Amino acid sequence: MNSTDEVDRLVAAWQRELPELDVSPFEVLSRVSRLARHLDRARRLVFAAHDLETWEFDVLTALRRAGPPYELSPGRLLTQTLVTSGTMTNRIDRLAAKGLVERGPDPSDRRGVRVRLTTAGQERVDAALAELLGYERELLAGLPPTDQTQLAGLLRRLVAPFDEQA
């Protein structure tokens, strides 16, 4: 394994050019940023192989995680995917046109609607998720399980304040 990476080169260059600045935050956050870009690119490839966009995967997995009968109100989908109601309406329309979700009446609210994952939607999202997890397991294979656990804990501590603000 190479003992230096692009971030090491970036940090060294900034230390040389502006030695009075503490560029140590780059040591962590530039790596997180670079990793996020690599993951985003890989996820897009996995989803494309299953004829899904990232946003489609997000909505379908929210429904799948809900458990049987795999349905949520549009409001719950908004909360879980962090988009506006107009955006969610458009997304539900597009997923319904592809046969991946269907709308139905909300039995507890005559004016309400429930969005339900279809069998085709469940099969598509399950296959994409399995492939994604295989890729992500491969990505983490270079770290022993104890390191993975430690890294997950450290990242949780870093991300938690942002999640609390949302």
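Every value quoted in this text rests on a predicted model; they were computed, and no experiment measured them. (Residues numbered from 1 in each chain as written. Predicted model: local features only at pLDDT ≥ 70, side-chain atom pairs only at ≥ 80, totals over all residues. Heavy atoms only, no water.)

Considering the pattern of salt bridges
Consideration 1: Here the structure, examined in full by the defined rule, presents 13 salt bridges.
Consideration 2: The salt bridge partner of D5 is R31, with a shortest N-O separation of 2.8 Å. With a gap of 26 residues between them, D5 in the segment before α1 (6-17) and R31 in helix α2 (residues 25-49) connect regions that are remote in the sequence.
Consideration 3: Here D5 falls in the partly exposed class, since its relative accessible area comes to 26%.
Consideration 4: Via salt bridges that share partners, D5, D8, E27 and R31 belong to a single interconnected network. (Salt bridge = Lys/Arg side-chain N within 4 Å of Asp/Glu carboxyl O. Helix = DSSP H or I, 4+ residues; strand = E, 2+ residues; numbered from the N terminus. Buried < 20%, exposed > 50% of the residue type's maximum accessible area, 1.4 Å probe, protein only.)

Thoughts on helix α5 (residues 85-97)
Consideration 1: Taking 1.5 Å of rise per residue, 13 residues should cover 18 Å, and α5 covers 18 Å from first to last C-alpha, within 8% of that figure.
Consideration 2: Here α5 has its buried residues at M88, R91, I92 and L95. Taken end-on, α5 shows its buried residues confined to a sector of 100°, consistent with a single buried face.
Consideration 3: Tucked into the core, α5 has its buried residues touching α3 (54-65), α4 (74-81), β2 (101-106) and β3 (109-117).
Consideration 4: Phi turns positive one or two residues past the end of α5, at G99, with a value near 80°. (Expected span 1.5 Å × (residues − 1). Arc of directions from axis to C-beta. Contact = heavy atoms within 4.5 Å.)

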